[in-house]
Amino acid sequence: QVQLVESGGGLVQPGGSLRLSCVASGRLFGSQPMAWYRQAPGTQRELVAAISSAGITMYADSVKGRFAILRDGAKTTAYLQMNNLKPEDTAVYYCNAGGLLRSGRYSPSSYWGQGTQVTVSS
């Protein structure tokens with residue numbers, strides 16, 4: 001069973017930066033795609049960024065140019081570098097691993113982390 005643990009969330013001012021981490025463990029064979037989602041109160045969970053086993057990335061238009069998804073050398077950890085944060089980025093951020101990434105579209109697996117809160121406010 002795959003386990004995902006997110007960390008790095010917190011309270012930041014607009015224009016600030018945060019770096020989220022997602023550590024994967026358990027029975028995950030081979031290098032798998034990973035992704036970050038977010039969900040604000042009263043909204044549907046949305047895809048923020050995804051990275052394939054080959055390192056190909058995709059981003060939501062709302063974060064492109066500000067966020068970057070990265071992986072460590074062992075590809076067991078995914079990072080979300082968040083720069084120039086805006087109040088509308090406020091949400092719970094979730095990690096997903098083992099989904100399908102085809103033609104710039106990510107289909108999530110059933111493996112989710114517990115989420116980490118990101119609050120952007122002055």
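Everything below is about the structure printed above this text.
None of these values were measured; they are calculated from a predicted model.

Asker: Even after reading the chapter, I still don't get the pairing of strand β5 (residues 46-51), so can you show me in this structure?
Answerer: Within a regular strand, the side chains alternate between the two sheet faces. Pairing geometry for strand β4 (residues 34-39) and β5, over five bridges, is antiparallel. Following the sheet pairing, R38 is matched in β5 by E46. Here β4 folds back onto β5 in antiparallel fashion, the turn holding six residues, of which G42 has a positive phi close to 75°. Pairing between β5 and strand β6 (residues 57-59): three bridges, direction antiparallel. Bridge pairing in β6 links I51 to T57.

Asker: Looking at this structure, how should I read the sheet that holds strand β2 (residues 10-12)?
Answerer: Hydrogen bonds between backbone atoms are what pair the strands of a sheet, whose relative direction is either parallel or antiparallel. Pairing is mixed in the open sheet, where six strands are placed in the order β2-β12-β9-β4-β5-β6. Looking at strand neighbours, the two that pair on one side only are β2 and β6, the edges of this open sheet. Shown here is a sheet whose adjacent strand axes are inclined to one another by a mean of 25°, direction ignored.

Asker: How should the packing of aromatic side chains be read in this particular structure?
Answerer: For any pair of aromatic rings, geometry is given as the distance between the ring centres together with the angle between the planes. This model, assessed by the stated rule, comprises two aromatic pairs. Ring geometry for Y37 versus Y106: centroids 6.2 Å apart, planes at 55°, classification tilted. Taken together, the positions of Y37 in strand β4 and Y106 in strand β11 (residues 105-107) put the pair 69 residues apart, joining distant regions of the chain. Y106 shares its class with Y37; the two are buried. Ring centres of Y37 and W112 lie 4.9 Å apart, and the angle between their planes is 70°; on these two criteria the pair is classed as edge-to-face. Here the residue Y37 occupies a position in strand β4, and W112 occupies one in the loop between β11 and β12 (116-120), the gap between them amounting to 75 residues. Through a chain of ring-to-ring contacts, three or more aromatic side chains come together here, namely Y37, Y106 and W112.

Asker: Just checking my understanding: could you explain the state of the cysteines for this structure?
Answerer: By definition, a disulfide is the covalent link that joins the sulfur atoms of two cysteine residues. Applying the stated criterion across every chain, the model contains one disulfide. Here C22 engages in a disulfide with C95; their sulfurs sit 2.1 Å apart. Torsion about the S-S bond of the C22 and C95 cystine: about -85°, corresponding to left-handed handedness. Of this pair, C22 sits in strand β3 (residues 18-25) while C95 sits in strand β9 (residues 91-97), placing them 73 residues apart in sequence.

Asker: Looking at this model, I keep getting lost on the pairing of strand β8 (residues 77-82). Mind explaining?
Answerer: Here β8 lies mainly inside the structure; five of its six residues are buried. Note that β3 and β8 share six bridges and pair antiparallel. By the bridge assignment for β8, V23 is matched with T77. Sheet analysis places strand β7 (residues 67-71) next to β8, joined by five bridges and oriented antiparallel. Bridged to I69 within β8 is L80.

Quick notes on the rules
Residues numbered from 1 in each chain as written. Predicted model: local features only at pLDDT ≥ 70, side-chain atom pairs only at ≥ 80, totals over all residues. Heavy atoms only, no water. Pairing = 2+ DSSP bridges. Helix = DSSP H or I, 4+ residues; strand = E, 2+ residues; numbered from the N terminus. Axes fitted to C-alpha atoms, helices over the stretch in contact; angles between N-to-C directions. Phe/Tyr/Trp six-rings, centres within 6.5 Å; stacked < 30°, edge-to-face > 60°. Buried < 20%, exposed > 50% of the residue type's maximum accessible area, 1.4 Å probe, protein only. Disulfide = S-S within 2.5 Å.

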